[in-house]
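Descriptive structure summary
Here is what each chain is made of, one letter per residue.
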Amino acid sequence: MKAKKTLIALLFGSVIAVSNVSATGYPVFDISGWLTAIDQLYSQYDMVMNTITQIENQYQQIQQAVERAKSIDWDNIRFDGDFDIRNDIKDANKRVNRLLNQARQIQNTLTSPTIDCGNGRYSLADLCGMGSPDHNFFTACTDVKNYMTDSMRFSIEAIEGNLTNKQKMTIWNKYGISPRNYLFVQQSVAQVKTQASKVMAKATSEAVQLQREDKIAKTNAIIQAAYAQTDSNGNMTEAAANEASLHLSQQVVDGLMTLEEAMNEMASLSAARMINEENEKQAEASEMEAEQKKQEAFDYKVPDAFRK
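Residues numbered from 1 in each chain as written. Predicted model: local features only at pLDDT ≥ 70, side-chain atom pairs only at ≥ 80, totals over all residues. Heavy atoms only, no water.

Let's talk about the overall build of the protein chain
Threshold: Every helix listed is a DSSP run of H or I at least four residues long, and every strand listed is a run of E at least two residues long, numbered separately from the N terminus. Exposure classes here rest on a 1.4 Å probe applied to the protein chains alone. A residue is buried below 20% of its type maximum, exposed above 50%, and partly exposed in between. In what follows, a contact means two residues having at least one pair of non-hydrogen atoms within 4.5 Å. Each accessible area is a Shrake-Rupley result for a 1.4 Å probe, and residues are judged covered by the shown protein chains and nothing else.
Assigned secondary structure in the protein chain consists of ten helices and four strands. Counting the 308 residues in the protein chain, one finds 39% classified as buried. For the protein chain, the proportion of contacts with a sequence separation of at least 24, taken over those separated by at least 6, is 75%. Carbon and sulfur atoms form 51% of the exposed surface of the protein chain, whose accessible area is close to 17,400 Å².

Encoded structure:
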């Protein structure tokens, strides 16, 4: 019972994104904000993936330099004391491979369909509009809502039963939809948002690990030497290359945090859009019902002689 009351409190404390209020007193969906949110979500995801690709390209170039170092015949070279450059080469090869795998793991986390929407699974890329062409955050919420309508009707009815008459009237008056439909909308969006947040947390943790390993890798002499070489864009000093690499790895971490902010905004707007659609359905149903009653009243008043 306490959990249900807490859920009800959360539902009434949730913020629905709207631009203004219509003449009927119900929220008007913010189309401009919706389009902006879609663009921000798409762009932010694209930026994160592009940054990861840059990191991959950078370390693939370093990997090539390490491979060239491995191909040198070191057997005829004498080293002083315990120093043996072949140890640095082995270490460099191991660290670069680990960094490449770490970058690809982040990509895999973002593109794997791990978000359960009832009748199908979505990836974070899908939610951002960068995966399957017919998948996005809104369709994910709609899929969950449809699934919940079929499989969780009794759970929602139980929650609805704990609403006071005042709370039910508040929903009707504010949104123009039934408390049950309101609960379905809120629960479906919350489920998608919660699962997406878990994926984001996993990807962010992997990005932080990438950043740490990136810093450690630069202590290797062979990797430092690889950074000091010229690249396709011209000469680059070792310090500049190190700074660029650290900036890229930090950019992935920052980008994922900003992406989650864009995801939260999309969740709020998706709830607003779903409520708006439910409001339109309810208004249309009410209008049809009124017309039917009007026709029935008319038919009742008309004498039978005039109906032949």
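Looking at the nonpolar core
Rule in force here: Nonpolar core, defined: a set of buried Ala, Val, Leu, Ile, Met, Phe, Trp, Tyr and Cys residues in which side-chain atoms within 4.5 Å join the residues together.
One finds Leu110, Leu124, Leu127, Phe137, Leu256, Leu259 and Met263 to be the most contacted residues of the largest nonpolar core, which totals 71 residues. For this core, the leading source of residues is helix 10 (residues 238-301), giving 14 residues.

Section: the packing of aromatic side chains
Where two aromatic rings form a pair, the distance of their centres and the angle of their planes describe that pair. Counted only if it meets this: Two rings belonging to Phe, Tyr or Trp (six-membered ring only in the last case) form a pair when the distance between their centres is within 6.5 Å. Interplanar angles under 30 degrees mark stacking, angles over 60 mark edge-to-face geometry, and anything in between is tilted. The rule is short: NZ of Lys or CZ of Arg within 6 Å of the ring centre and within 35 degrees of the ring normal puts a charge over the ring.
For the coordinates displayed, the defined rule picks out two aromatic pairs. Arranged with centres 5.1 Å apart and planes meeting at 20 degrees, the rings of Tyr175 and Tyr182 form a pair that is stacked. Take Tyr175: its relative accessible area is 5%, and that puts it in the buried class. Over the ring of Phe154 we find Arg153, and its NZ or CZ is 4.4 Å from the ring centre. Above the plane of the ring of Phe138 lies Arg273, whose end atom (NZ or CZ) is 3.8 Å from the centre.

Details of the confidence of the model for the protein chain
So the rule is basically this: Confidence of the predictor at the level of single residues is given by pLDDT, which spans 0 to 100.
Put simply, the protein chain has an average pLDDT of 79, and 72% of its residues get 70 or more. pLDDT under 50 marks residues 1-24. Its contacts with residues more than four places away, or in other chains, come to 40 contacts. Every residue in residues 230-237 scores below 50 in pLDDT, and together they form eight contacts with partners more than four places removed in sequence or on other chains.

Focus on a nonpolar patch on the surface
Basically, it comes down to this: Excluding any residue in a salt bridge, patches collect residues exceeding 30% relative accessible area, merging like charges within 9 Å and nonpolar Val, Leu, Ile, Met, Phe, Trp and Tyr side chains within 5 Å. Salt bridge, as used here: a side-chain nitrogen of Lys or Arg that lies within 4 Å of a carboxyl oxygen of Asp or Glu.
Together, Ile31, Leu35 and Ile38 make up a nonpolar patch on the protein surface, roughly 270 Å² of accessible area in all. Take Leu35: it is sitting in helix 2 (residues 31-70).

Here we look at the pattern of salt bridges
Here the structure, examined in full by the defined rule, presents nine salt bridges. Arg95 serves as the salt-bridge partner of Asp91, at 3.0 Å between the closest nitrogen and oxygen. Of the two residues, Asp91 and Arg95 both sit in helix 3 (residues 85-111), four residues apart, roughly one turn of that helix. In this structure, the salt-bridge partner of Arg273 is Glu277, at a minimum N-O distance of 3.4 Å.

Description of helix 6 (residues 153-161)
Our working definition: Think of the arc as the fan of directions from the helix axis to the C-beta atoms.
Along helix 6, the positions that sit buried rather than exposed are Ile156, Ile159 and Glu160. All buried residues of helix 6 lie within an arc of 100 degrees about the axis, which places them on one face of the element. Seen from the open side of helix 6, the exposed residues pointing more than 90 degrees away from its buried face are Phe154 and Gly161.

Concerning the packing of helix 5 (residues 137-151) against helix 8 (residues 179-217)
Two quantities define a packed helix pair, namely the angle between the helix axes and the distance between the axes. Note the threshold: Axis lines are fitted through C-alpha atoms, for helices just across the contact stretch, and the angle between N-to-C directions can take any value from 0 to 180 degrees. Here the word oblique covers every angle except those under 35 degrees (roughly parallel), over 145 (roughly antiparallel) and from 65 to 115 (roughly perpendicular). Crossing handedness is defined as follows: a turn of the near helix away from the far one that is anticlockwise and smaller than a right angle gives a left-handed crossing, while the clockwise case is right-handed. Basically, the charged four are Asp, Glu, Lys and Arg, the nonpolar ten are Ala, Val, Leu, Ile, Met, Phe, Trp, Tyr, Cys and Pro, and anything else, Gly included, counts as polar.
Their axes nearest at 8 Å, the elements helix 5 and helix 8 cross at an angle of 125 degrees. Regarding the angle of helix 5 to helix 8, the classification is oblique. Seen from above, helix 5 lies across helix 8 with right-handed handedness. Between helix 5 and helix 8, the residues in contact are Phe137, Ala140, Cys141, Val144, Lys145, Met148 and Thr149 and Phe184, Val185, Gln187, Ser188, Val189, Gln191, Val192 and Lys193, respectively. In terms of residue class, the contact of helix 5 with helix 8 is built from nine nonpolar, four polar and two charged.

Some points on the environment of Trp172
Tracing the backbone through its elements, the reader meets Trp172 in helix 7 (residues 165-175). Note on Trp172: relative accessible area 30%, which makes it partly exposed. Sequence-wise, Trp172 and Asn279 are 107 residues apart; in three dimensions their C-alpha atoms are separated by 9.7 Å.

Re the environment of Ile177
For Ile177, the location among the structural elements is in the loop between helix 7 and helix 8. Separated by 99 residues in sequence, Ile177 and Asn276 place their C-alpha atoms 8.9 Å apart. Apart from the residues within four sequence positions on either side, Ile177 is in contact with Ile171, Trp172, Tyr182, Ile275, Glu278 and Asn279.

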